[in-house]
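A structural walkthrough
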Amino acid sequence: MKQNRVKILLIVVITIVSVWSLYPTYRDYALTKKIESLASSRDSLQFLLDHRNEIEQAREKSLKLGLDLKGGMHLVMEVDLLDLIDQKAWNKDERFYRIMANVKSRSANSGANVVDLLASEFRKENVRLSRYFYDIRNSDREIVDKLNKEAQDALSRAKEVIRNRIDQYGVAEPVIQAQGTRRLIIELSGVTDEARVRKLLKGTAKLEFKLLKDRETLLRTLDRINTTLSQSDAAGAAPDSAFAGMPPTGADSLVQKSASFRPLFEVADEYSRDYVASLLAREDVRALLPQDTELLLSAKPDENVKGEKFYSLFLVKKSPELTGGVITEAKATFGSQNVQPEVLMEMNSEGTAKWARITGANIGKRIAIVLDGVVYSAPVVQSKIPNGNSVINGISSLEEAKDLEIILKAGALPAPVRIIEERTVGPSLGSDYIRAGMLSIIWGFTAVALFMIVYYHKAGIAADLALVLNILIVISVLAGFSAALTLPGIAGIVLTMGMAVDANVLIYERIREELDEGKQLKLAVDTGYKKAFSSIFDSHVTTLSAAFLLYVYGIGPIQGFAVTLMIGTAASLFTAIVVTRLIFDLLLGTSFMNEKSFG
Amino acid sequence: MRILHATSFNFIKHRKIAYGISLLLLVSGMISLAVRGLNYGIDFKGGSEVVIRFEKNADVGRVRSIINDAGLQGVIKQYGLARSFLLRTDFQGETSTLKSLVSGSLRDGLPGNPHEIVSIQAVGPSIASDLKWSAMKALLAALAAILLYVGIRFEIKFATAGVIAIFHDVLTVLGLFSLLGGVSDFMPLEIDQSIIAAFLTIAGYSITDTVVVYDRIRERIKGQRPSDYEKIFNESINQTLSRTVITSGTLLLAIIVLFIFAGPAIRGFAFAMFFGVLVGTYSSIFVAAPIVLDWQRRSKAPIKLRGAA
């Protein structure tokens, strides 16, 4: 009897803890319902203000719903470590680019460590890494270690930068995790403007201040490009002359583009911007530029009186005078003279000193403000700027200015990032999933519980009580550890219901066997529990280990399934054995239970 | 109520028939795998999927022609939700372009029937190949873990036979997926992450029924002569038959509920689980224990089981 008292206590404590951990979920639900029921928005605002703390606390501790149920974005982003490695290399030559291309193609199809791939490609070519990286005296091992360290830093820096950006954009409870050597998993619930978030996350925000070359040099350079290209392209286009007589159709547009060269001017109209950009990216075009210069396009077109839009071309010094690393503060505002949005920036002391020197030395010249490779503005330096202030204008909307502010404040990413996986679920589909999940749980429970009662009579009721406690434990553990409930997680709960009663089936079948042999009820129950235990234990261990491996190797939603399956299976060891046993122990002596109670 | 009470089927005597059936299942699955291959979802081959839901019923041909006219290379199919379609295209890093293209063209093409893009998924090729690897690793690790555990708890012959039975179950379901993959839009039976979850769950669950039979054999075999093994094996299977069937039955009930109510995202998973559990129950009775017996006859040494009471 004393043992039973311990069991009762244990069950009561577990039940109370479960209910207690689910109480905030109930409160959260009730409060939300209450707010919805209030007639006027003034009433609901008043209610919100009055119960602010309570609502916040309830929400914080309530059962979290996964992205698939609530709606939101799941992103996997990859930090371009190849770009980082490229930044670190020097003495780059043809062989280096060839090796890098190989590494790139190999890394595109696997998640293997890029630095290891690089090392193995270098070994294959029989080239020492020190030929291109760090100190010539370093061994390959040392360089691999250093590069790995750099890569690791880049990933954690990227994570930090992205976290800053998301925090400033304002998303509730974002999840940002590093995965492997170059990936970040980002989960944002309830995001409405996905396009904007995507842009915000990806923006490298490489801000550079570059000196503009004078107009004569620009014109001379364009002229040189035009003459060279029209000659070479005319020669190259000759075999394509078969197309000459055909009218240009949409399908041939690609052929047309490469066959006919269109000359470059100081400005490009809005339709030819992409074409000009593709020309500027060409290696042979770049080779025609003067030493240490590059041609850039403007970010936004200018409009002439007729309403036609033109992008400008800028010839700038390639090495920047100053980079965005010195920016400490950024603020999006509307400019003073016009209603154009702009971003005001402040620099740290080092940047301020440099900026003063640069502006002082270049009065009357133009400095281009370049962000991610396009020119936002190229103001003429009027006077020396001693206080480290600068402005980005030429921004098309206040929203864009705000995002720029966020990106500049959060700092630049160490290397470009790419989105390699994206899963977005809209809130309407989410609420469909919730309904489907609830229906599955209700019907799953009804089916299994009814079956147990029909087949095992009163003992079935005991198993059903244990099943209720089992589900309660699963949900409360999820809520208690702030693990999110997903649709696969709900599937896991439903499956658990089907599996959790297995232990009872094994026990009851054994008890029936013992009863058939003519044993006394009490002895039969005793033996039944004892003899069934080893197979119950073994089957739980195998199911648990499969679920555990699923958790380890699975990702995202599947982990949610594995978690509920694990909790449910583990909990059923307790509920199906201890709880039902206690019920029998308490009732066996009474008239409530007899041999017929096991069906 | 009792089903399959005190049966005396001669499972062991007719085991060759069962082996034949299993072999047939496996071989036809293998042939289908070789000829038809598997219908991989975007999780494993990369690509983008957009689910579009309309307010009113829309004709799939009309939607398809609108999408194709917009210049999108992709497949449009009916989706397992009401008034919904699934668009599948190659992977695009930028789903915003895809989204605006789809929205714009459908708004213009079907002005009287507003739509909503309820979900977008895009998986890049590198992620896809990583997922394949993790799935393989998880399955192999699960099999190794089960082999080890059952080996420790029983004996290596029992463990090996159990793992063979798991292989049998998973391969049969895989063959079924290959055979029926892509046949129905209602249930395309694509291999995606949820199917891997199903396989692992099947692996973990298939062995539970087997363990119940093993447990009974262990209980009864101690001190018996090898000549009686056949009788003991057969009786053990018969004695545990009702519980093997009922434990699977309760799980099948839950799975059927999932299949009916949980929506298109879970349907393939429920389908895999349903047949996995069915085949798993069959293999516990007809494959695992008979293999142990055949193996035992060849090795001639008496069975020494750990933990025998």
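Keep in mind the model is a prediction, meaning the values are calculated, not measured. Sequence order as written defines residue numbering, which begins from 1 separately in each chain. Written order decides the labels, with chains lettered from A and ligands numbered from 1. For this predicted model, a pLDDT threshold of at least 70 governs which residues receive local features, and a threshold of 80 or more governs which side-chain atom pairs are given and counted, while totals over whole chains, interfaces and linings are taken from all residues.

Describing the overall build of chain A
- Each helix and strand counted, chain A has 19 helices and 15 strands in total.
- Computed over C-alpha atoms, the radius of gyration of chain A comes to 34 Å, more than 25% over the 25 Å expected from 2.2 N^0.38 for 599 residues, which places it beyond the range of a compact globule.
- Taking the principal axes of its C-alpha atoms as reference, chain A extends roughly 110 × 70 × 60 Å.
- Counts of 20 or more other C-beta atoms within 10 Å of a residue's own C-beta define buried residues, counts of 12 or fewer define exposed ones, and intermediate counts define partly exposed ones; C-beta atoms are placed from the backbone. Taken across its 599 residues, chain A has 39% of its residues classed as buried.
- Each residue gets a C-beta atom placed from its backbone, and two residues are in contact if those atoms lie within 7 Å. Looking at chain A alone, contacts between residues at least 24 apart form 71% of all its contacts between residues at least 6 apart. Secondary structure elements follow DSSP: runs of H or I no shorter than four residues count as helices, runs of E no shorter than two count as strands, and numbering proceeds from the N terminus. Our radius of gyration looks at C-alpha atoms and nothing else; its globule reference is 2.2 Å times the residue count to the power 0.38.

Some thoughts on the sheet that holds strand β1 (residues 47-54) of chain B
- A pair of strands is labelled paired if DSSP reports no fewer than 2 bridges between them. Overall, antiparallel pairing links the eight strands, which are arranged β2(A)-β3(A)-β1(A)-β15(A)-β4(B)-β1(B)-β3(B)-β2(B) in an open sheet. With partners counted over all chains shown, the strands left at the sheet margins are β2 (175-179) of chain A together with β2 (74-78) of chain B, one partner each. Along the sheet, successive strands turn relative to each other by an average axial angle of 20 degrees, direction set aside.
- In this analysis, axes come from line fits to C-alpha atoms, helices being fitted only over the stretch in contact, and the angle between any two N-to-C directions falls in the range 0 to 180 degrees. Packed onto the sheet, helix α9 (residues 194-202) of chain A meets β1 (72-79), β3 (183-189) and β15 (417-425) of chain A and runs at close to 155 degrees relative to β15 of chain A.
- Against the sheet, helix α5 (residues 125-153) of chain B contacts β1 and β15 of chain A together with β4 (115-123) of chain B, and its axis sits at roughly 75 degrees relative to β15 of chain A.

Comments concerning the domain arrangement of chain A
- One can read the domain layout of chain A as domain 1 (72-202), domain 2 (207-235 + 258-396) and domain 3 (427-598).
- These domain limits were set by an automatic method or by a database of domain assignments. A C-alpha centroid distance of 46 Å is found between domain 1 of chain A and domain 3 of chain A.

Quick word on the packing of helix α7 (residues 193-221) of chain B against helix α9 (residues 264-299) of chain B
Residue and element names in this part refer to chain B.
- Between α7 and α9, whose axes approach to 8 Å, the crossing angle comes to 25 degrees. The pairing of α7 with α9 is recorded here as roughly parallel in orientation. By crossing handedness, the relation of α7 to α9 is classed as right-handed. Judged by residue contacts, Ser-194, Ile-195, Ala-197, Ala-198, Thr-201, Ile-202, Tyr-205, Ser-206, Asp-209, Thr-210, Val-213 and Ile-217 of α7 engage Gly-268, Phe-269, Ala-272, Met-273, Gly-276, Val-277, Gly-280, Thr-281, Ser-283, Ser-284, Ala-288 and Ala-289 from α9.
- Residue classes follow a fixed rule: Ala, Val, Leu, Ile, Met, Phe, Trp, Tyr, Cys and Pro count as nonpolar, while Asp, Glu, Lys and Arg count as charged, and any other residue, Gly among them, counts as polar. Of the residues that constitute the contact of α7 with α9, the class distribution is 13 nonpolar, ten polar and one charged. Under this scheme an angle from 65 to 115 degrees is roughly perpendicular, one under 35 degrees roughly parallel, and one over 145 degrees roughly antiparallel; angles in between are oblique. Handedness of a helix crossing follows the sense of rotation of the near helix relative to the far helix, less than a right angle counterclockwise being left-handed and clockwise being right-handed.

Focus: the sheet that holds strand β14 (residues 389-392) of chain A
Residue and element names in this part refer to chain A.
- With antiparallel pairing, the three strands of this open sheet are ordered in space as β10-β11-β14. Pairing within the sheet leaves two strands with one partner each, and these edge strands are β10 (327-334) and β14. On average, each strand axis in the sheet is tilted by 25 degrees relative to the strand beside it, whichever way the strands run.
- Here seven bridges tie β10 to strand β11 (residues 341-347), and the two strands are oriented antiparallel to one another. Bridge pairing in β11 links Ala-332 to Val-343.
- The strands touched by helix α15 (residues 398-410) are β10, β11 and β14; relative to β10, the strand with the most contacts, the crossing angle is about 170 degrees.

Observations regarding the interface of chain B and chain A
- Counting residues at the interface gives 57 residues for chain B and 62 residues for chain A.
- For the side of chain B that touches chain A, the elements supplying multiple residues, two or more each, are α4 (95-109), β4, α5, α7, α8 (229-261) and α9 of chain B.
- Broken down by element, the residue count for the side of chain B that touches chain A peaks at 14 residues, all from α5 of chain B.
- In terms of residue class, the side of chain B that touches chain A is built from 33 nonpolar, 18 polar and six charged.
- One ladder, built from five bridges, connects β15 of chain A with β4 of chain B; its direction is antiparallel. For Thr-424 of chain A, the partnering residue across the bridge sits in β4 of chain B and is Ile-120 of chain B.

Observations concerning the pairing of strand β13 (residues 374-377) of chain A
Residues and elements named next belong to chain A.
- Pairing geometry for strand β12 (residues 367-371) and β13, over three bridges, is antiparallel. Directly across from Val-370, in β13, lies its bridge partner Val-375.
- Between the antiparallel neighbours β12 and β13 lie two residues, among them Asp-372 with a positive phi of about 50 degrees.

Some remarks on the nonpolar core
- Note on terminology: a nonpolar core is any set of buried Ala, Val, Leu, Ile, Met, Phe, Trp, Tyr and Cys residues joined through C-beta atoms within 7 Å. Within the largest apolar cluster, 237 residues are counted, with the highest numbers of intra-cluster contacts made by Ala-491, Val-494 and Leu-550 of chain A together with Leu-200, Ala-203, Ala-254 and Leu-258 of chain B.
- Setting aside anything within four residues of it in sequence, one finds Val-494 of chain A in contact with Ser-440, Ile-441 and Gly-444 of chain A together with Ala-254, Val-257 and Leu-258 of chain B.

Thoughts on the domain arrangement of chain B
All names here are of chain B.
- If you check the domain split of chain B, you get domain 1 (15-41 + 127-299) and domain 2 (47-123).
- Inter-centroid distance (C-alpha atoms) of domain 1 to domain 2 is 39 Å.
- Of all the secondary-structure elements, those providing two or more residues to the side of domain 1 that touches domain 2 are α5 and α9.
- Grouping the constituent residues of the side of domain 1 that touches domain 2 by class yields four nonpolar, one polar and two charged.

Concerning helix α8 (residues 140-169) of chain A
- One less than the residue count of a helix, multiplied by 1.5 Å, gives the span that helix is expected to have. Spanning 30 residues, α8 of chain A covers 43 Å between terminal C-alpha atoms, matching the ideal 44 Å at 1.5 Å per step.
- Looking at α8 of chain A, one finds that the buried residues are Ile-143, Leu-147, Ala-151, Ala-154, Leu-155, Ala-158, Val-161, Ile-162, Arg-165, Ile-166 and Tyr-169 of chain A.

Some remarks on the packing of α7 of chain B against α8 of chain B
Residue and element names in this part refer to chain B.
- Axis separation between α7 and α8 bottoms out at 9 Å; the angle between their running directions is 145 degrees. Considering the relative orientation of α7 and α8, their crossing is right-handed. Residues Asp-209, Val-212, Val-213, Arg-216, Ile-217, Arg-220 and Ile-221 of α7 lie in contact with α8, whose contacting residues are Ile-232, Phe-233, Ser-236, Ile-237, Gln-239, Thr-240, Arg-243, Thr-244, Thr-247 and Ser-248.
- Its residues assigned to classes, the contact of α7 with α8 shows seven nonpolar, six polar and four charged.

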